[in-house]
Amino acid sequence: MNDFFSLLYEFFFDYDTNQDFMTALFVNKDYLWLGIIILATTCLSLLVFYKIWDPVAKQTFSFLITILINIGLIFGIAYILITNNNEITEYLVNQDLPGIESFILKTAAVTALYGAVVFIIFILIPFPFKFISKNNRHNPF
Amino acid sequence: MAKLYIFGIGGTGSRVIKALTFLLASGVKPHADFDTIIPMVIDPDAANGDLNRTTDILNKYQHIQKNSNEAENLFGTKIKTLKELLNENHQNISSNFIYSLAHTGQKFGEFIDYNGMDDDNKALFDLLFSQENKEADMTVGFKGNPNIGSVVLNTFSSTNEDKEFRNSFNPGDAIFIINSIFGGTGASGFPLLLKNLRLDDSAVLNSQIISQAPIGAITYLPYFSIPESAGGNKDIDSSTFMSKSKAALSYYEHAIFKDEHSLNAFYYLGDFSNNSIPYAEGKENQKNPAHFLELAGALAIIDFTNNHCKQSNGATVMKEFGTLQNNGKSLKYNLLGSKTKDSIKHPLSALTLFSLFLEHSLDQLKVNKGPFNNQRDGIDNSFYTKDFYKEYLEKFVAYFTEWLNEMEKNDVSFAPFHTNVTHETLKGFVKDLNNKEGILGKIGIKKQLSGNNLIADLNGAIKSKKYDSEESNARFIKVFDDVIQKNIKQLMN
């Protein structure tokens, strides 16, 4: 699974330039964890929105807020995960390779983007999240 | 199951039947032995504003009830016309709750054929009736002249309605009569009608059953007046209401109560209040604002079915109605007696919440993204453009709101509900309830009083699939019935 998730990130990075950073994440199986974060956080956000919160008023606005929170959460967790990778930390401290900060930010942003994509995929199908909702079965469509 | 026939005589009769219709719509029920109410309004003034408003309300109720597939509470009791009861094509029977009286569209002198009388009869007539009586136009009723009414209304037994009423009457059925004692139509109509009903004549169909049937009645003592400024040469003068009432009561004493079996229960209602209504001699101008006593009268009918329909021929039970001392303030639930409060608090609040929701929260419901608005198993937005909603339910609810508003503005004022609620404060509509928002409500997260709570419950009810098999009209009423009852119980318990 680590392989699969790492593939998703290769579309966004020039391998030659970021080879060391990407290898550091790959070796530590952080891509797998990033994938788990995307799925788990998105599922949690959808569960909170459709089952627990299930707003009656300002439903479209509430939905947009939820998707933004989901993106923010995934970005934050991904950032923490990446910066807790020992090798990445060393690159950060030593500054022996350029572009480590932008790599970290870009990886967290791509993770958040995938979070948004997964969020939308889940709401395109009625089951299971819309199905468990009482008031938002047709939100946003 | 038995039927309850209600005769509403004159304008007061119409208004009490109107109040009863709203109570039945709210979920107040007669005793379980009765499954059908047959209201019949007896009023020679066919254009009377009160009469037409009442028949319109009854027609709308009927349409809603028939289409709601026996909802448990809201619109839960069947109301039928005589024509529907017989399920026959009687061309000569009114199909809109009016007990037609023959030959009332003329002057009294013409009705009695004064010009065709011999001199002796003319002399007798002149002794009993004034020239004004003779010239009285009966198309607007008897204008406070019971002496005219007592002659004209004696044609009860010759009407098609009377024949079909007798034809449809079965053992176990009961009769209730509503009249006012201080006017013309009601004061004269009641003793005549009762006499006809208690007549056991083998030549008259079912008279043996009807004469033994339980009969209850309300008589209204004066409860409104007509302003003196209306004075001048007016046919109706409220300063004579009391003397007319005394005279009529004196007549009732020996004509009705001498025979202790003539009535099972007799209810007196009246009020010394300052409410005066605009002068009107009848027709569409006679559209008196609703009064709390008419609601009390409707409750008397319910009380009659619950307590006095089983008793064997004993002495007439006399009942009066009272409230706790209100010191000139509006009546709210807490000033009603416990029996009255128990009878109406939940149902009346339920129908009020229903009407307030339609007024303040329907727009929010229509745009809600929950399953309530589903085309397949919910209520599609096109529902609100169809006749059932637009012509019947919406207008019935408007009549109900008008009725509540009129009762609030009248004297005595009956005002148990806040009228200034919004969607956000919808469930805070009952006065004197401790309806405070919790902490979450105060910061805008979970507003306990918001109409959104009802919308969530409506979505929940549709999601439960319980109403999938219902047609959309019945589904709408039943889902609301379910949700409104649940919310009222939460609010009041």
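Rules used in this analysis
- Residues numbered from 1 in each chain as written.
- Chains lettered and ligands numbered in written order.
- Predicted model: local features only at pLDDT ≥ 70, side-chain atom pairs only at ≥ 80, totals over all residues.
- Heavy atoms only, no water.
- Helix = DSSP H or I, 4+ residues; strand = E, 2+ residues; numbered from the N terminus.
- Buried < 20%, exposed > 50% of the residue type's maximum accessible area, 1.4 Å probe, protein only.
- UniProt positions renumbered as here; feature names shortened; annotations may be inferred.
- Contact = heavy atoms within 4.5 Å.
- Core = buried A, V, L, I, M, F, W, Y, C linked by side-chain atoms within 4.5 Å.
- Domains from an automatic or database assignment.

*Asks:* Kindly report on unusual backbone geometry, identifying the contributing residues and their values.
*Replies:* Cis geometry marks the peptide bond from A:Asn139 to A:Pro140, where omega comes out at 5°. By the secondary structure assignment, A:Pro140 is in the segment after helix H7 (129-132). For the bond from B:Asp411 to B:Val412, the omega torsion is 5°, close enough to zero to count as cis. Secondary-structure assignment places B:Val412 in the loop between helix H15 (387-409) and helix H16 (439-442). Unlike most non-glycine residues, A:Lys58 shows phi in positive territory, near 45°. Assessed through its relative accessible area of 65%, A:Lys58 is described here as exposed. For B:Asp113, which is not glycine, the phi dihedral falls at a positive 55°. Position of B:Asp113 among the secondary structure elements: in the loop between helix H4 (108-111) and helix H5 (119-128).

*Asks:* Could you give an account of the UniProt feature "transmembrane region" (unreviewed entry) in chain A, with specific residues and numbers?
*Replies:* Residue and element names in this part refer to chain A. Per the UniProt annotation, the sites labelled "transmembrane region" (unreviewed entry) are residues 31-49, 61-82 and 102-127. Split by type, residues 61-82 is 100% helix and 0% strand. Its first and last C-alpha atoms lie 32 Å apart. Regarding residues 102-127, the helix share stands at 88% and the strand share at 0%, and the terminal C-alpha atoms are separated by 38 Å.

*Asks:* Can you explain helix H8 (residues 160-168) of chain B? Please cite residues and give values.
*Replies:* Listed as buried for H8(B) are B:Glu161, B:Asp162, B:Glu164, B:Phe165, B:Arg166 and B:Ser168. Residues of H8(B) that are buried sit in contact with strand S1 (2-9), strand S2 (34-42), helix H3 (82-86), strand S4 (174-180), helix H9 (185-197) and helix H10 (207-212) of chain B.

*Asks:* Now, about the nonpolar core: what can you tell me, with residues and values included?
*Replies:* Residues and elements named next belong to chain B. In this structure, Phe 7, Ile 177 and Phe 476 are the most contacted members of the largest nonpolar core, which totals 144 residues. Split by domain, the residues of this core number at least three in each of domain 1 (2-104 + 141-322) and domain 2 (340-492). Non-local contacts of Phe 7, meaning those with residues more than four positions away in its chain, are made with Met 40, Ile 42, Tyr 99, Phe 165, Ile 175, Phe 176, Ile 177, Ile 178, Leu 193 and Leu 197.

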